[in-house]
Protein chains: 2
Amino acid sequence: MPKLRDLGERETIEFLKGILDREKLPVRIGDDCAAISFGDDYLLVTTDVINQRTHIPKGATSYQIGWHIVAINLSDIAAMGGKPIGIVVAMSLPRTFDMASLKEIAKGMDECAREFDLAIIGGDTKESQEISLCWTAFGLVPKNRILLRSGARIGDVVGVTGELGKAGWSEFMIKKGKGGGKAIENLLKIHPRINEGLLLSKTGWATSCIDISDGLASSLYQLTAASSVFFEIDFDRLPIFDEAGKLPDKVKDLALYHGGDYELLATVNPKGLDLVQREFKKAGKKFTPIGAVVEDKGNTLITRKGIEKLENKGYEHFR
Amino acid sequence: MPKLRDLGERETIEFLKGILDREKLPVRIGDDCAAISFGDDYLLVTTDVINQRTHIPKGATSYQIGWHIVAINLSDIAAMGGKPIGIVVAMSLPRTFDMASLKEIAKGMDECAREFDLAIIGGDTKESQEISLCWTAFGLVPKNRILLRSGARIGDVVGVTGELGKAGWSEFMIKKGKGGGKAIENLLKIHPRINEGLLLSKTGWATSCIDISDGLASSLYQLTAASSVFFEIDFDRLPIFDEAGKLPDKVKDLALYHGGDYELLATVNPKGLDLVQREFKKAGKKFTPIGAVVEDKGNTLITRKGIEKLENKGYEHFR
């Protein structure tokens, strides 16, 4: 019988869908959030867990860990165009865990939640050998404004919020032993794109959306799978994080094939692109067109050297 | 600086409340579920995590584990009088975890969810050293029908659903090496009292409610803390599980001071007791009065030998 490591995270989710998925769900298992019909709205629900050995970089503070896990949950709500309304936390901790660290985790959680105007409304604490923190966030989105992974259409513009390669650069520096506090801060104190998701949703012109926590290329392939379209990405248009741009041998890897940048990737009907960009500008936010949705059978990257295949690689658990 | 083991679970929750709690929350942190205002209803949210080493008895099947964690979540919804509407799951699993076990866990989850007419709507899978399963369930309850831990009034009748001591007896048998499959099944394949909670809520006569997963005595003390009242429990009226009743030296411990019976403990206005009992009978369910809410400063147990102090002990994590 196969093990999890033989399948990887995404095939494991497919496997579970085979057992659990129901035709009647408004959003099929596998999107950024689950959804429940609620009058004119959907209640969005997303759950995330981080574990000490596989997720938390050495040198991270308890405060940063608390902030991070709330933030990554909110990123999933953002990707569906939702407004977050609450969050619960289940913490599995060793008996020897000290209360000073717990206080810092709680402070990090609380400050991230306040930043986005919601509350930690409850939770659970249990004893374990390994630290494991599980957060579940809820949000609301009007039914006719939900952003899904499906919906991208040929001719749409594909764009991304913020900058690319910040997480990749930070991990690269940590691996080289040059990371320091700044690199860890970049990785953990992320700012979920709640306002950007709400803008994309409200304009009505976004046709699909996903967060790129698994990496840009990997997320494009996930949109391909959900929307049955392909992407032509123009490398020169990518909004590259400054420091990553200074590493010419590495920049492609860091910007395209690396997880941890919690930006939103969205496709937009070209008729609405001007409006979307105006709304972003008005709000002091960034949405950069990086390519087009195309019919060709494959995802490609246009560079100054020519056209190459965009690889389907990024971050995946159990692999 | 103190460690978790110095405080125990309930003090740890108090500690976290100090950082996280907000005056504006409709239900304060520490009740069975958190609540978010939602038109005429509350959205109830509860999250629970179980970890391999501390929670799962040896010999438990993957199917039973899957069933159990869905069921304990639903028990928290039941304690607030809610109707469950969905559940999400975050699974932390070792890379070497086999897919056959994962399939059985998913089957257990799915069958428990179907039994109570809801769906597993999404989740997360991550890599870890230790198996850790985190479930979050949500439900709905009309605002004027929510059951809280606070609200018990002097003169109310206190009663309990189902039977007491089944979990205690099962663990006792397992410890003696006589447990076998039946005892493990008793502990894990529990039936959350959703219908009972809905009945208590709908009649409008229940004044407070809690699930007794930490043990009957411990739960009475939690109602005392939330409602500022005391209880006089009549040992002879307790609906004792048959097998536990056959162990006269043990029965008090098993029925009062042992966690794992996922029954509901509720206080009921005496004017409505007949109606509540009629409604339960009509539905083929059991609600047994076991004592009274009193003014005296202390929780007591009336036995044939006299009146004794009810001890504040039961199951608590980190202790």
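S.K.: Mind showing me how you'd approach the state of the cysteines here?
M.R.: Such a bond, covalent and formed between the sulfur atoms of two cysteines, is termed a disulfide. Scanning the model with the defined rule gives one disulfide over all chains in all. For C134 of chain A, the disulfide goes to C134 of chain B, at an S-S distance of 2.5 Å. With the S-S bond torsion at -85 degrees, the cross-link from C134 of chain A to C134 of chain B turns out left-handed. One end of the pair, C134 of chain A, is in strand 5 (residues 132-142); the other, C134 of chain B, is in strand 5 (residues 132-142), on a second chain. Each member of the pair C134 of chain A and C134 of chain B is classed as buried. Among the cysteines around C112 of chain B, which has no disulfide bond, C33 of chain B carries the closest sulfur, lying 15 Å off. Here C112 of chain B falls in the buried class, since its relative accessible area comes to 0%.

S.K.: Just checking my understanding: could you explain the pattern of salt bridges for this structure?
M.R.: Oppositely charged side chains are able to pair whenever their charged atoms sit close together. The tally for this structure, following the rule as stated, stands at 23 salt bridges over all chains. Between E104 of chain A and K107 of chain A there is a salt bridge, and its shortest N-O distance comes to 4.0 Å. Taken as a pair, E104 of chain A and K107 of chain A lie in helix 4 (residues 99-115) at a separation of three residues, close to a single helical turn. Take K107 of chain A: its relative accessible area is 33%, and that puts it in the partly exposed class. With a closest N to O distance of 3.2 Å, E243 of chain A and K246 of chain A form a salt bridge. According to the relative accessible area criterion, E243 of chain A is partly exposed, its value standing at 30%. Judged by its relative accessible area of 58%, K246 of chain A is exposed. Look at the salt bridges and you will find they share partners, linking D48 of chain A together with D124 and K126 of chain B into a network.

S.K.: Honestly, the sheet that holds strand 5 of chain A in this entry has me stumped. Any pointers?
M.R.: Across a sheet, strands are paired by hydrogen bonds formed along the backbone, either parallel or antiparallel in direction. Residues and elements named next belong to chain A. The five strands lie next to each other as 1-2-5-3-4, forming an open sheet whose pairing is mixed. The open sheet terminates on both sides in strands that have one partner only, identified here as strand 1 (34-38) and strand 4 (120-127). In this sheet, neighbouring strand axes are inclined to one another by 20 degrees on average, regardless of whether the strands run parallel or antiparallel. As paired elements, strand 2 (residues 41-51) and strand 5 share eleven bridges and run antiparallel to each other. Bridge pairing in strand 5 places V45 opposite F138. Running over the sheet, helix 4 touches strand 3 (83-93), strand 4 and strand 5 and is turned about 170 degrees from strand 3.

S.K.: Help me understand the interface of chain A and chain B, please; the structure alone is not making it clear to me.
M.R.: Many structure descriptions define interface size as the accessible area lost when the parts assemble. Opposite the 73 residues of chain A that make contact, chain B presents 72 residues. Linking chain A to chain B there are two salt bridges. For K126 of chain B, the salt bridge goes to D48 of chain A, with nearest N and O atoms at 3.2 Å. Here chain A and chain B share 14 residue pairs in polar contact (both at pLDDT 80 or more) between them. For the side of chain A that touches chain B, the elements supplying multiple residues, two or more each, are helix 1 (4-20), strand 1, strand 2, helix 2 (52-55), strand 3, helix 4, strand 4 and strand 5 of chain A. A breakdown of the residues in the side of chain A that touches chain B according to their chemical character gives 40 nonpolar, 16 polar and 17 charged.

S.K.: In this structure, what is going on with the relation of the copies chain A and chain B? I would like to understand it.
M.R.: Note that the two copies of the chain are related through a rotation about an axis and a translation along the same axis. Rotating chain A by 180 degrees and translating it 0.0 Å along the rotation axis places it on chain B, where the RMSD comes to 0.0 Å. Both copies of the chain, as the preceding transformation shows, are related through a two-fold rotation axis. Most of the interface of chain A is mirrored in chain B, where 99% of its interface residues again form contacts.

S.K.: Looking at this structure, I do not really get the environment of Q129 of chain A. What am I missing?
M.R.: All names here are of chain A. Along the chain, the position of Q129 falls in the loop between strand 4 and strand 5. We classify Q129 as partly exposed; its relative accessible area is 49%. In sequence terms Q129 and P94 are 35 residues apart; their C-alpha atoms lie 5.2 Å from each other.

S.K.: Whenever I open this one, the pairing of strand 12 (residues 306-309) of chain B confuses me. Can you help?
M.R.: Two faces belong to every sheet, and in a regular strand the side chains alternate between them. All names here are of chain B. Sheet topology places strand 11 (residues 300-303) next to strand 12; four bridges connect them, and they run antiparallel. Its bridge partner being in strand 12, L301 is matched across the sheet by E308. Connecting the antiparallel pair strand 11 and strand 12 is a turn made up of two residues.

S.K.: Where do I start with the sheet that holds strand 5 of chain B in this structure?
M.R.: Residues and elements named next belong to chain B. Within the open sheet, the five strands sit side by side as 1-2-5-3-4. Their pairing is mixed. The open sheet terminates on both sides in strands that have one partner only, identified here as strand 1 (34-38) and strand 4 (120-127). Recorded for the sheet is a direction-independent mean angle of 20 degrees between the axes of neighbouring strands. In terms of strand pairing, strand 1 meets strand 2 (residues 41-51) through five bridges, oriented antiparallel. Within the sheet, the bridge partner assigned to A34 lies in strand 2 and is V45. Lying on the sheet, helix 4 (residues 99-115) is in contact with strand 3 (83-93), strand 4 and strand 5; it crosses strand 3 at an angle near 170 degrees.

S.K.: What is the right way to read the packing of aromatic side chains from this model?
M.R.: Both the distance between ring centres and the angle between the ring planes are used here to describe each pair of aromatic rings. Counted by the stated rule, this structure contains six aromatic pairs over all chains. Measuring from centroid to centroid gives 4.1 Å for F38 of chain A and F38 of chain B, while their planes differ by 85 degrees, and the two rings are edge-to-face. With F38 of chain A in strand 1 and F38 of chain B in strand 1, this residue pair bridges two chains. Ring centres of F138 of chain A and F138 of chain B lie 5.6 Å apart, and the angle between their planes is 85 degrees; on these two criteria the pair is classed as edge-to-face. Note that F138 of chain A is positioned in strand 5 and F138 of chain B in strand 5, a pairing that runs across two chains.

S.K.: Is there a simple way to think about the side chain of T46 of chain A in this case?
M.R.: Residues and elements named next belong to chain A. Looking at the secondary structure, you find T46 in strand 2. Judged by relative accessible area, which is 3%, T46 ranks as buried. Reaching out from T46, the side chain makes a polar contact with the side chain of D76 at a distance of 3.0 Å. With near-sequence residues (within four places) excluded, T46 lies in contact with D32, C33, N73, D76, I77, W135, T136 and A137.

Parameters and conventions
Residues numbered from 1 in each chain as written. Chains lettered and ligands numbered in written order. Predicted model: local features only at pLDDT ≥ 70, side-chain atom pairs only at ≥ 80, totals over all residues. Heavy atoms only, no water. Disulfide = S-S within 2.5 Å. Helix = DSSP H or I, 4+ residues; strand = E, 2+ residues; numbered from the N terminus. Buried < 20%, exposed > 50% of the residue type's maximum accessible area, 1.4 Å probe, protein only. Salt bridge = Lys/Arg side-chain N within 4 Å of Asp/Glu carboxyl O. Pairing = 2+ DSSP bridges. Axes fitted to C-alpha atoms, helices over the stretch in contact; angles between N-to-C directions. Contact = heavy atoms within 4.5 Å. Polar contact = N/O pair within 3.5 Å; in protein donor to acceptor, adjacent residues only side chain to side chain. Nonpolar A, V, L, I, M, F, W, Y, C, P; charged D, E, K, R; others polar. Least-squares fit on C-alpha atoms with pLDDT ≥ 70 in both. Phe/Tyr/Trp six-rings, centres within 6.5 Å; stacked < 30°, edge-to-face > 60°.

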